Amino acid sequence: MKIPYKFKKVFPNVLTGFRLGIAPIIIILGLMGKVNIVLLLTILSCLTDLFDGYFARKWDVSSQFGAKLDAISDKVFAISLLISLTKNIKSLWILITLEVSIALINLYFYSKTHKSETLLIGKMKTTSLFICIVISFFYLFFHKLHFLLNGFIYMTLNLQILAGSSYIIHFIKKAKEKEENTLENVKAHKQIMEEETV
């Protein structure tokens with residue numbers, strides 16, 4: 001049976017949107033102490049993250065919209081997991097605050113440049129953050145992991161600060177380069193106009 005193209009085009013985004021839709025449910029259940037259900041939903045959400053990209057590439061229906069939706073879903077999903085874990089691990093609030101701050105920084109500069117860029121330090125920060133989330137789940141069942149958890153919280157905190165600072169510096173640098181290029185183009189245009197009038 002041939003799968004309709006419209007289904008192929010929409011299905012990966014539906015999987016991605018699932019993580020957005022389930023985020024508030026994860027927060028509510030986590031704050032209610034329903035850790036087992038949150039863990040189950042987390043595994044299910046991770047599977048959608050795996051398969052949305054797989055099907056988009058397999059069916060050759062990758063799009064800029066899908067990529068942006070995936071990035072937003074991952075960010076919202078990560079923050080929702082962190083919030084759901086704060087009932088038992090209060091120190092995660094600092095990671096949530098910084099993660100939201102970084103998201104707002106990127107959103108602000110995207111509104112100015114209409115370009116989204118990911119730096120290596122940002123990828124390192126995200127990796128550390130998800131490892132921290134995984135360890136947090138294990139900590140709920142094995143409290144002896146508190147030293148490992150605290151270590152990753154501290155490392156993620158430092159990477160978040162570095163990532164946030166790096167993004168600000170990077171975007172300011174890009175803005176200056178754009179301004180300099182604009183001025184050079186204006187000067188070049190004026191010079192050409194002056195030569196033509198001579």
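Residues numbered from 1 in each chain as written. Predicted model: local features only at pLDDT ≥ 70, side-chain atom pairs only at ≥ 80, totals over all residues. Heavy atoms only, no water.

### Here's the deal with the overall build of the protein chain
Piece 1. Secondary structure assignment for the protein chain yields six helices and zero strands.
Piece 2. Going residue by residue from the N terminus, the α and β elements of the protein chain occur as α-α-α-α-α-α.
Piece 3. In terms of overall size, the protein chain is more extended than a compact globule, its C-alpha atoms giving a radius of gyration of 22 Å where 198 residues would be expected to give roughly 16 Å.
Piece 4. Across its three principal directions, the C-alpha atoms of the protein chain cover 80 × 50 × 25 Å.
Piece 5. Relative to its full complement of 198 residues, the protein chain shows a buried share of 33%.
Piece 6. For the protein chain, restricting intrachain contacts to residue pairs at least 6 apart in sequence, the fraction spanning at least 24 positions comes to 79%. (Helix = DSSP H or I, 4+ residues; strand = E, 2+ residues; numbered from the N terminus. Rg over C-alpha atoms; globule rule 2.2 N^0.38 Å. Buried < 20%, exposed > 50% of the residue type's maximum accessible area, 1.4 Å probe, protein only. Contact = heavy atoms within 4.5 Å.)

### Section: the confidence of the model for the protein chain
Piece 1. On average, residues of the protein chain carry a pLDDT of 86, and 90% of them reach 70 or more.
Piece 2. Within the protein chain, helix α6 (residues 146-197) has the poorest average pLDDT of any element, 80, and helix α5 (residues 120-141) the best, 91. (pLDDT = per-residue confidence, 0-100.)

### Concerning the side chain of serine 136
Piece 1. Looking at the secondary structure, you find serine 136 in helix α5.
Piece 2. A distance of 2.7 Å separates a polar side-chain atom of serine 136 from the backbone oxygen of cysteine 132.
Piece 3. Filtering out sequence-adjacent residues up to four positions away, serine 136 remains in contact with Leu85, Ile89, Leu92 and Leu149. (Polar contact = N/O pair within 3.5 Å; in protein donor to acceptor, adjacent residues only side chain to side chain.)

### Focus: the packing of aromatic side chains
Piece 1. On inspection of all chains with the given rule, the structure shows 11 aromatic pairs.
Piece 2. Both rings, one in tyrosine 54 and one in phenylalanine 55, keep their centres 5.2 Å apart while their planes meet at 70°; by these two values the pair is edge-to-face.
Piece 3. Overall, phenylalanine 55 belongs to the buried group, its relative accessible area being 18%.
Piece 4. Chaining the aromatic ring pairs together yields one cluster made of Phe7, Phe11, Phe51, Tyr54, Phe55 and Trp59. (Phe/Tyr/Trp six-rings, centres within 6.5 Å; stacked < 30°, edge-to-face > 60°.)

### Considering a nonpolar patch on the surface
Piece 1. Together, Phe18, Ile43, Leu44, Leu47, Leu50, Phe51 and Tyr54 line one region of the surface with nonpolar side chains, adding up to about 630 Å² of accessible area.
Piece 2. At six residues, the largest contribution of residues to the nonpolar patch is made by helix α2 (residues 35-58).
Piece 3. In this fold, leucine 50 is placed in helix α2. (Patch = residues over 30% accessible without salt bridge, like charges linked within 9 Å, V, L, I, M, F, W, Y side chains within 5 Å. Areas by Shrake-Rupley, 256 points an atom, 1.4 Å probe, with all protein chains shown as cover. Salt bridge = Lys/Arg side-chain N within 4 Å of Asp/Glu carboxyl O.)

### A word on the packing of helix α3 (residues 64-85) against α5
Piece 1. α5 packs onto α3 with a crossing angle of 30° between their chain directions and a minimal axis gap of 11 Å. The handedness of the crossing between α3 and α5 is left-handed. Contact residues: Asp74, Lys75, Ala78, Leu81, Leu82 and Leu85 in α3; Lys125, Leu129, Phe130, Ile133, Ser136, Phe137 and Leu140 in α5.
Piece 2. Looking at the contact of α3 with α5 residue by residue, the classes come out as nine nonpolar, one polar and three charged. (Axes fitted to C-alpha atoms, helices over the stretch in contact; angles between N-to-C directions. Left-handed = near helix turned anticlockwise from the far one by under 90°. Nonpolar A, V, L, I, M, F, W, Y, C, P; charged D, E, K, R; others polar.)

### A look at a positive patch on the surface
Piece 1. A contiguous patch of positive charge on the surface is contributed by Lys115, Lys173, Lys174 and Lys178.
Piece 2. Topologically, lysine 174 is positioned in helix α6.
Piece 3. Given a relative accessible area of 37%, lysine 174 falls into the partly exposed group. (Lys, Arg positive; Asp, Glu negative; His and termini not counted. Charge placed at Lys NZ, Arg CZ, Asp CG, Glu CD.)

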